[in-house]
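For reference, the chains in residue letters:
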Amino acid sequence: QVQLVESGGGLVQAGGSLRLSCAASGSIFGTNVMGWYRQAPGKQRELVADLTSGGTTDYADSVKGRFTISRDNAKNTVYLQMNSLKPEDTAVYYCNLRNLRQGGVWYFYWGQGTQVTVSS
């Protein structure tokens, strides 16, 4: 079983910065993708950024140039550095792990979510 534990959310003024962390524990196989999604009230959950075990990144257009995703493979930890935060970044941020397992099946895991609130 895989568990994801997030930390680092909070309240910040517009223009400020926050850093989210997500540590994964359990049986994680080689090919995997770790990333962050967010969900604002009344909206669907959306991809913020993700990073493959091979180092390929993907960002939502709305965060490009402001957010940076990174990971420490030895610690199975992914980070999201969020700079120049805007009120529209306010959401619950969820850590996600996708792991390719035997038989070519992808398994999906989610963290419990951490609130990020950006005041104007």
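Residue positions are given per chain, counted from 1 along the sequence in the order it is written. Only residues with pLDDT of at least 70 are given local features in this predicted model, and only at 80 or more are side-chain atom pairs given and counted; all residues enter the totals for whole chains, interfaces and linings. The side-chain values count all of the structure's non-hydrogen atoms but skip hydrogen atoms and water molecules.

**Some remarks on the overall build of the chain**
Okay, step 1: Elements are defined by DSSP. Helices are runs of H or I of four residues or more, strands are runs of E of two residues or more, and each kind is numbered from the N terminus. Within the chain one finds zero helices and 11 strands.
Okay, step 2: Starting at the N terminus and walking to the C terminus, you meet the elements of the chain as β-β-β-β-β-β-β-β-β-β-β.
Okay, step 3: Taken against the 2.2 N^0.38 rule, which gives 14 Å for 120 residues, the C-alpha radius of gyration of the chain at 14 Å falls within 12% of a compact globule.
Okay, step 4: Seen through its principal axes, the chain has C-alpha atoms that stretch 50 × 25 × 25 Å.
Okay, step 5: For every residue, the accessible area obtained with a 1.4 Å probe (protein chains only) is divided by the maximum for its type, and the residue is called buried under 20%, exposed over 50%, and partly exposed between those limits. The proportion of buried residues among the 120 residues of the chain is 42%.
Okay, step 6: Of the contacts made within the chain by residues no fewer than 6 positions apart, 54% connect residues no fewer than 24 positions apart.
Okay, step 7: Total accessible area computed for the chain in this model is approximately 6300 Å², and 47% of it derives from carbon and sulfur atoms. Note on method: radius of gyration uses C-alpha positions; expected globular size equals 2.2 Å times residues raised to 0.38. Residue contacts are defined here by distance: any two heavy atoms, one from each residue, within 4.5 Å place the two residues in contact. In short, Shrake-Rupley with a 1.4 Å probe defines the accessible areas, and a residue's cover is counted only from the protein chains shown.

**Some words on the packing of aromatic side chains**
Okay, step 1: Whether two aromatic rings pair depends on their centres lying within 6.5 Å, for rings of Phe, Tyr and Trp, where Trp uses its six-membered ring; planes under 30 degrees apart make the pair stacked, over 60 edge-to-face, and the rest tilted. Using the criterion set out here, one finds one aromatic pair in the structure.
Okay, step 2: For the pair Y37 and W110, a centre-to-centre distance of 5.1 Å together with 70° between the ring planes defines the contact as edge-to-face. Note that Y37 is positioned in strand β4 (residues 32–39) and W110 in strand β10 (residues 105–110), a separation of 73 residues in sequence.
Okay, step 3: Of the residues examined, Y37 reaches a relative accessible area of 17% and is grouped as buried.
Okay, step 4: Above the ring of Y79, the side-chain terminus of R19 is found at 4.1 Å from the ring centroid. Put simply, a charge is over a ring when the Lys NZ or the Arg CZ is close to the ring centre, within 6 Å, and near the line of the ring normal, within 35 degrees.

**So, the pattern of salt bridges**
Okay, step 1: The term salt bridge refers to a side-chain nitrogen of Lys or Arg lying within 4 Å of a carboxyl oxygen of Asp or Glu. Under the defined criterion, the tally for this structure stands at five salt bridges.
Okay, step 2: K64 is the partner of D61 in a salt bridge, and the nearest nitrogen-oxygen pair spans 3.1 Å.
Okay, step 3: On the basis of relative accessible area, K64 is assigned to the partly exposed category, the value being 49%.
Okay, step 4: R66 is paired through a salt bridge with D89; the nearest N and O atoms lie 2.8 Å apart. Here R66, found in the loop between β6 (57–59) and β7 (67–72), pairs with D89, found in the loop between β8 (77–82) and β9 (91–101); they are 23 residues apart in sequence, far enough to count as distant.
Okay, step 5: Residue classification places R66 among the buried positions, given a relative accessible area of 10%.
Okay, step 6: The structure contains a network of salt bridges with shared partners spanning R38, E46, R66 and D89.

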